[in-house]
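Notes for the structure review
So you can see what is in the structure, the chains are spelled out below.
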Amino acid sequence: MGSKDDAYKRRQFMFCLHSGGATETWYTGLPEEMKADWSLVEAAFNARWPPVKVASKLTEEFEGELLGCMLLEETLGLKERVADREVWSHIAWADNIGIFAAGADIMNSKTYIGQVKKALPGIIRDKLADSYPNWTKFLDDVRSIDIDYIKGKAEDSRKLLETVTQRFRRMDRITTPIATAPNRRFTNITNKVITPNNIQYNAVRSHTNSNANTNTKGPGCIISAADRAAFRARYNILPHHPPTDAGRIAHQAQQKSWFDANPSGFVTEMTPYPLRPGTAGVGSSECFRCGLYGHISGNCTTDRPLLQHEQRWRAICSNMLREPRAANPVGVRVVVIDDYGTTMEMQGVEGDSQGKVEGPSE
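1. Some thoughts on the overall build of the protein
- Along the protein, the regular secondary structure elements total 13 helices and eight strands.
- Counting the 362 residues in the protein, one finds 31% classified as buried.
- Taking contacts inside the protein between residues at least 6 apart in sequence as the whole, the part at least 24 apart equals 65%.
- For the protein, the accessible surface area stands at approximately 22600 Å², while carbon and sulfur atoms represent 53% of it.

2. Here's the deal with the packing of aromatic side chains
- Taken as a whole and assessed by the stated rule, the structure comprises 13 aromatic pairs.
- The interplanar angle of 80° and the centroid separation of 5.7 Å between the aromatic rings of Trp 26 and Trp 49 together place this pair among those described as edge-to-face. Of this pair, Trp 26 sits in helix H2 (residues 22-28) while Trp 49 sits in the loop between helix H4 (38-48) and helix H5 (59-68); the two residues are 23 residues apart in sequence, bridging distant segments of the chain.
- A relative accessible area of 16% places Trp 26 in the buried class.
- Classification of Trp 49 as partly exposed rests on a relative accessible area of 26%.
- Centroid distance Phe 45 to Trp 49: 5.2 Å. Interplanar angle 45°. Geometry classified as tilted.
- For Phe 45, a relative accessible area of 24% gives the class partly exposed.
- Site record: aromatic cluster; members linked through ring pairs are Phe 13, Trp 26, Tyr 27, Trp 38, Phe 45 and Trp 49.
- Sitting above the plane of the Tyr 27 ring, Lys 35 keeps its charged end 5.1 Å from the centroid.
- When the ring centre of Trp 88 is taken as origin, the NZ or CZ atom of Lys 79, which lies over that ring, is 5.0 Å away.

3. Overview of the pattern of salt bridges
- Counting across every chain of the model gives nine salt bridges.
- Here Glu 32 ties to Lys 35 by a salt bridge, and the two come within 3.5 Å at their closest N and O atoms. With a gap of three residues between them, Glu 32 and Lys 35 both fall in helix H3 (residues 32-35), about one helical turn apart.
- On the basis of relative accessibility, which here comes to 14%, the residue Lys 35 falls in the buried class.
- Residue Lys 137 is joined to Asp 141 by a salt bridge in which the shortest nitrogen-to-oxygen separation is 3.3 Å. With Lys 137 and Asp 141 both in helix H9 (residues 135-143), this residue pair falls four residues apart, about one helical turn.

4. Side note on the pairing of strand S1 (residues 79-82)
- Across four bridges, S1 lies against strand S2 (residues 85-88) in antiparallel orientation. Its bridge partner lying in S2, Val 82 is registered against Arg 85.
- Hairpin remark: S1 followed by S2, antiparallel, with two residues in the connecting loop; positive phi at Ala 83, about 50°.

5. Notes on the confidence of the model for the protein
- On average, the protein scores 76 in pLDDT, and the residues at 70 or more come to 72%.
- Per-element confidence in the protein is highest for H9, whose mean pLDDT is 96, and lowest for strand S4 (residues 201-205), whose mean pLDDT is 35.
- Between residues 349-362, whose pLDDT stays under 50, and residues either more than four places distant or in other chains, the model counts 42 contacts.

6. As for H5
- Buried residues of H5: Phe 62, Glu 63 and Leu 66, and no others. Down the axis of H5, the smallest arc covering the buried residues is 100°, so these residues share one side. Opposite the packed face of H5, turned more than 90 degrees from it, sit the exposed residues Glu 60 and Gly 68.
- In this structure, the buried residues of H5 make contact with helix H6 (89-103), helix H7 (113-118) and H9.

7. A closer look at the packing of H6 against H9
- Two elements in contact, H6 and H9, have axes whose closest approach is 9 Å; the angle formed by their N-to-C orientations is 170°. Classified by the angle between their axes, H6 and H9 sit roughly antiparallel to one another. Between H6 and H9, the contacting residues are His 90, Ile 91, Trp 93, Ala 94, Asp 95, Ile 97, Gly 98 and Ala 101 on the first element and Trp 135, Phe 138, Leu 139, Val 142 and Arg 143 on the second.
- The residue inventory of the contact of H6 with H9, partitioned by class, reads nine nonpolar, two polar and two charged.

8. Describing unusual backbone geometry
- Located in the positive-phi region is Asp 105, a residue other than glycine, with phi close to 60°.
- Mapped onto the elements of the fold, Asp 105 is located in the loop between H6 and H7.
- By relative accessible area, Asp 105 is classed as exposed at 69%.
- One non-glycine residue, Ser 285, lies in positive phi territory at about 60°.
- Along the chain, Ser 285 turns up in the loop between helix H12 (245-261) and helix H13 (308-321).

Rules behind the numbers
Residues numbered from 1 in each chain as written. Predicted model: local features only at pLDDT ≥ 70, side-chain atom pairs only at ≥ 80, totals over all residues. Heavy atoms only, no water. Helix = DSSP H or I, 4+ residues; strand = E, 2+ residues; numbered from the N terminus. Buried < 20%, exposed > 50% of the residue type's maximum accessible area, 1.4 Å probe, protein only. Contact = heavy atoms within 4.5 Å. Areas by Shrake-Rupley, 256 points an atom, 1.4 Å probe, with all protein chains shown as cover. Phe/Tyr/Trp six-rings, centres within 6.5 Å; stacked < 30°, edge-to-face > 60°. Lys NZ or Arg CZ within 6 Å of the ring centre and 35° of its normal. Salt bridge = Lys/Arg side-chain N within 4 Å of Asp/Glu carboxyl O. Pairing = 2+ DSSP bridges. pLDDT = per-residue confidence, 0-100. Arc of directions from axis to C-beta. Axes fitted to C-alpha atoms, helices over the stretch in contact; angles between N-to-C directions. Parallel < 35°, antiparallel > 145°, perpendicular 65-115°, else oblique. Nonpolar A, V, L, I, M, F, W, Y, C, P; charged D, E, K, R; others polar.

Printed below as a string of structure tokens:
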């Protein structure tokens, strides 16, 4: 009731009580001489319902909320509803950060500004100064960034993310082994006993549909001859360093440059990734997990596997560099004898991988 006199407070107090509630019942039961003195009413009310002390946040709690409040790139250029009004997401973020900084009593300092600025999306960070003297200036600059610039850049980023996601799905189809029967199509298998002198190896022509596409590496994914040639021209653009101290330093610099140029971390056929020094070259039937010869990824026991980025790059290269199967393969009928005098006639396609499932080693 502010600065009003005691008589006014005494008259208005009864209208502030919940009708039929505990407070009204309590007030009705007070002696009349107490009701006539506002100071006695106030003291009796506080004795019956002591003021609740609200637990205030500690400085450490405000600091934790400040560092945990993230502005996500996918929300840029969008509106948020705050207190029944719509505001742009970056402005709502700046308002919340201001509350946390004030609660931590650091508004007039530059404490944590660098740390928070580093976590901002590049779209926002690119428009900010290198350093700030206090939070007020920093947050004002965030709020003043042109919304048309943010919306345009955010839309470009979403389109790029969608493109990369589609490429990832495409590469997942390419690099996933096809769980079907072995490539060699054995037909007309018969068992009969013959002598070793009767073993025959007869090569016959087997015609297939010449219109069939033989470059298909996965469901719905076709690698054209032009795409394959273009990839061959760029896949080894990065030097493959030897396993020396100088080579490892150069490789570390290559990795840093790659991540600076590809902050999303997505590896595609357009983003060659540097190879670990001392490993095998790509497309050489190497193990994708360790980069060495002699086994496939499923049998790899290394305790120092390659980064996932290099593993994916090697899988991409394996598929892109693999030669397409001939359109008119040669059919081969082979008659072989086992250790016990039993033979089998097997008819397949020359060049197929006997007993293997199509797909990379990873």
